[in-house]
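# Geometric and topological summary
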Amino acid sequence: MSVHLLLSAGRGPQECAWALAQLLHRLERDATRRGLQTHRAHTVPGDRPGTYRSVLVRIEGDGAEAFAASWTGTLCWQAHSPYRATTGRKNWYVIAQPCQVDIPRTTFTDADVDIVACRTGGPGGQHRNKASTAVRATHRPTGIVVVVDTERQFSLNRSIAMRLLRQRVEHGDQAAERAVTTARWRIHDELVRGNPTRIERPEPPNQDLAPQKRTRQRRRQSTRPRPPREESFIRRPEDR
């Protein structure tokens, strides 16, 4: 099972592109801990090195949909700006939304087409009005129907109908691809700042480092040779 998740900094400042990179690393580590695989299918770099305006991530493995849902919505990276020390703002927002990428192509075969001969009225003489030379062709997988009666021969109308069906099926696939692309671009403008569904912060510094240093210092002190103790003055019997 695989899911595509699009992360976008929207039209935010350069800190949002930096926040997206931080959130991306956090997401990838979280996925690894859960036994999932991630792949950056498409990236748009930001103005600063190591930043991203948008990233399309493919998540694979059992529970990929539930994991993507936990990272869906407005994400907030809470940290001070690394570029502007004077600004007091520390909330930088990124949007993450699942999106469809792979559009299945429709395979056109003659076996999927139902051909029915029919009559049509209108000008054309008695042969056109009495003989069943018109063709009604239906593509069962998509439900597309065409009716062709331009020629006086059934075989010619059938060939035209098959060609028209093939073109309409291909145009339908292209329209579906454009719709998916448009929906993916629309995500960039759906970023709402505030009310995040998830807040992430930089990991705090290791608090156990200082005790470790003190322990090492104590161990070093314990290995040093102790100075000889001064012997107490004891009077011997002959000195009395």
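Here the structure is a predicted model, which is why all the values come from computation and not from measurement. (Residues numbered from 1 in each chain as written. Predicted model: local features only at pLDDT ≥ 70, side-chain atom pairs only at ≥ 80, totals over all residues. Heavy atoms only, no water.)

## Here we look at the sheet that holds strand E7 (residues 134-139)
Hydrogen bonds between backbone groups are what pair the strands of a sheet, and the pairing can be parallel or antiparallel. Taken together, three strands build an open sheet; the order of strands is E6-E7-E8 and the sheet is antiparallel. A single partner strand is all that each edge strand has here, and the edge strands are strand E6 (113-118) and strand E8 (144-148). Taken pair by pair, the neighbouring strands of this sheet meet at an average axis angle of 15°, ignoring direction. Here five bridges tie E7 to E8, and the two strands are oriented antiparallel to one another. Within the sheet, the bridge partner assigned to threonine 138 lies in E8 and is valine 145. With respect to the sheet, helix H4 (residues 154-186) is in contact with E6, E7 and E8, its orientation differing from that of E8 by roughly 150°. (Pairing = 2+ DSSP bridges. Helix = DSSP H or I, 4+ residues; strand = E, 2+ residues; numbered from the N terminus. Axes fitted to C-alpha atoms, helices over the stretch in contact; angles between N-to-C directions. Contact = heavy atoms within 4.5 Å.)

## A closer look at the packing of aromatic side chains
Scanning the model with the defined rule gives zero aromatic pairs in all. If you follow arginine 198 out to its NZ or CZ, it ends over the ring of tryptophan 71, 3.8 Å from the centre. (Phe/Tyr/Trp six-rings, centres within 6.5 Å; stacked < 30°, edge-to-face > 60°. Lys NZ or Arg CZ within 6 Å of the ring centre and 35° of its normal.)

## Overview of the nonpolar core
Among the nonpolar cores identified, the biggest contains 28 residues, and Leu5, Leu7, Leu20, Ile59, Phe67 and Trp71 are the most heavily contacted of them. When contributions to this core are tallied by element, the ones reaching two or more residues are strand E1 (2-8), helix H1 (14-33), strand E3 (52-60), helix H2 (64-70), strand E4 (73-78) and strand E5 (91-98). If one sorts the elements of this core by residue count, H1 sits on top with nine residues. Residues contacting leucine 7, with those up to four places away along its chain left out, are Leu20, Arg53, Ser54, Val55, Val57, Val94, Ile95 and Ala96. Membership of the second largest hydrophobic core comes to eleven residues, among which are Val146, Ala161, Met162 and Leu165. (Core = buried A, V, L, I, M, F, W, Y, C linked by side-chain atoms within 4.5 Å. Buried < 20%, exposed > 50% of the residue type's maximum accessible area, 1.4 Å probe, protein only.)

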